[in-house]
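Listed below are the residues making up each chain.
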Amino acid sequence: PSIVFSGDVIESGALVYSSDTSTTLTAAALGAIAEVADVLLSRPDLYVQIQGFGPEPVALARAVAIKQKLVDAGVPDSHIEAVAGTKNRIRFILHR
């Protein structure tokens, strides 16, 4: 697996972009997002906040792009919140 759980946080070193301002996900990032989707689909009681990283407009666009990939994988839209967040990596914060 390319995702790591730490308490209520999921992180992955595979969630990388082609440049500092890119919102295009790499193949490795798509694999990590698929793993997160599997977790969320197996636990319908969980909700997730996706915290994008980078300058604020880029951070939010990254979080929204990941949210759309999760929705495309079958995770209910109502279970996902996309926000601009951390400075150096994508974070998934789980809650009920």
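Residues numbered from 1 in each chain as written. Predicted model: local features only at pLDDT ≥ 70, side-chain atom pairs only at ≥ 80, totals over all residues. Heavy atoms only, no water.

### Quick look at the overall build of the chain
Part 1 of the reasoning: Within the chain, the regular secondary structure consists of two helices and five strands.
Part 2 of the reasoning: Going from the N terminus to the C terminus, the chain shows its helices and strands as β-β-α-β-α-β-β.
Part 3 of the reasoning: The C-alpha atoms of the chain give 12 Å as radius of gyration, which agrees with the globular expectation for 96 residues (12 Å, within 12%).
Part 4 of the reasoning: Oriented by its inertia axes, the alpha-carbon framework of the chain measures out at about 35 × 25 × 25 Å.
Part 5 of the reasoning: Taking the contacts inside the chain whose residues are at least 6 apart along the sequence as the reference set, 70% of them involve residues at least 24 apart.
Part 6 of the reasoning: Surface exposure of the chain reaches about 5,000 Å², of which carbon and sulfur atoms provide 56%.
Part 7 of the reasoning: Across the chain, the centroid of the 8 positively charged side chains sits 3 Å from that of the 10 negatively charged ones. (Helix = DSSP H or I, 4+ residues; strand = E, 2+ residues; numbered from the N terminus. Rg over C-alpha atoms; globule rule 2.2 N^0.38 Å. Contact = heavy atoms within 4.5 Å. Areas by Shrake-Rupley, 256 points an atom, 1.4 Å probe, with all protein chains shown as cover. Lys, Arg positive; Asp, Glu negative; His and termini not counted. Charge placed at Lys NZ, Arg CZ, Asp CG, Glu CD.)

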